[in-house]
Amino acid sequence: PPSPKEEFPFLFVKFYTSDCPNCDDFAPTWEALGEIVTDASMHMVDDFMEAKGMDNHHYSDEEYEQAVNVMAPVLVTRLD
């Protein structure tokens, strides 16, 4: 499979350790970024499905989630 660097135009990697106060302080920002990316991707998938005249019965929840992940313009991940 392709590497994340090959798949995504932008890549945010959260380096985290539980004994780092700065990591703990910045955690809500990372969570917000992840939510924004997911919401944007869901809207992109929904818009695509609407444009094609499809409803959510065409895909299982797993297939929808995979489509959202494919449409994501950014990968946000965490490394502990």
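Computed from a predicted structure; not experimentally measured.

Visitor: How should the overall build of the protein be read in this particular structure?
Guide: From N to C terminus, the protein includes 3 helices and 2 strands. Its helices and strands in sequence order give the protein the pattern α-β-α-α-β, from N to C terminus. For the protein, the residues scored as buried account for 16% of the 80 residues in total. Within the protein, contacts between residues separated by at least 24 positions form 64% of all contacts whose residues are at least 6 apart in sequence.

Visitor: Looking at this model, I keep getting lost on the packing of aromatic side chains. Mind explaining?
Guide: Each pair of aromatic rings is reported with the distance of its centres and the angle of its planes. The final tally for this structure, using the stated rule, is 1 aromatic pair. Ring geometry for Phe26 versus Trp30: centroids 6.0 Å apart, planes at 80°, classification edge-to-face. Here the residue Phe26 and the residue Trp30 both occupy positions in helix 2 (residues 21-51), the gap between them amounting to 4 residues, near one helical turn. Owing to a relative accessible area of 42%, Phe26 belongs among the partly exposed residues under this scheme.

Visitor: Is there a simple way to think about a negative patch on the surface in this case?
Guide: Residues Asp61, Glu62, Glu63 and Glu65 make up a contiguous surface patch of negative charge. By the secondary structure assignment, Glu63 is in helix 3 (residues 61-71).

Visitor: Help me understand helix 2, please; the structure alone is not making it clear to me.
Guide: Residues spaced three or four apart along an α-helix face the same direction, because each turn holds 3.6 residues. For helix 2, built from 31 residues, the straight-helix expectation of 45 Å at 1.5 Å per residue is met to within 8% by its first-to-last C-alpha distance of 46 Å. The largest bend in helix 2 amounts to roughly 40° and is located at Ala27, with the proline Pro28 lying one to four residues further along. Following helix 2 by one or two positions, Gly53 has its phi on the positive side, about 70°.

Conventions used here
Counting restarts for each chain, with residues numbered from 1 along the sequence as it is written. Only residues with pLDDT of 70 or above have their local features reported here, since the model is predicted, and side-chain atom pairs are shown and tallied only from 80 upward, although totals for entire chains, interfaces and linings are computed over all residues. Side-chain descriptors were evaluated using all non-hydrogen atoms of the structure, hydrogens and water having been removed beforehand. Numbering goes from the N terminus for both helices and strands, where a helix is a DSSP run of H or I of at least four residues and a strand is a run of E of at least two. Classification of residues uses two cut-offs on accessible area relative to the type maximum, computed with a 1.4 Å probe and protein chains only: under 20% is buried, over 50% is exposed, and between them is partly exposed. Should any heavy atoms of two residues lie within 4.5 Å, those residues are counted as being in contact. In summary, the pairing rule links any two rings of Phe, Tyr or Trp, Trp by its six-membered ring, whose centres are within 6.5 Å, and it sorts them by plane angle into stacked for under 30 degrees, edge-to-face for over 60 and tilted for everything else. Each patch is built from residues lacking any salt bridge and having more than 30% relative accessible area; the joining distance is 9 Å for like charges and 5 Å for nonpolar side chains (Val, Leu, Ile, Met, Phe, Trp, Tyr). All accessibility values rest on the Shrake-Rupley procedure with a 1.4 Å probe; residue burial counts only the protein chains present in the view. For this document, the term salt bridge refers to a Lys or Arg side-chain nitrogen within 4 Å of an Asp or Glu carboxyl oxygen. Residues counted as positive are Lys and Arg, residues counted as negative are Asp and Glu, and His and the chain ends are not counted. Taken as the charge centre is NZ of Lys, CZ of Arg, CG of Asp or CD of Glu, depending on the residue. Helix span is expected to be 1.5 Å times the residue number reduced by one. Bend at a given residue is defined as the angle between two axes, one fitted to the seven residues that end at that position and one fitted to the seven that begin there.

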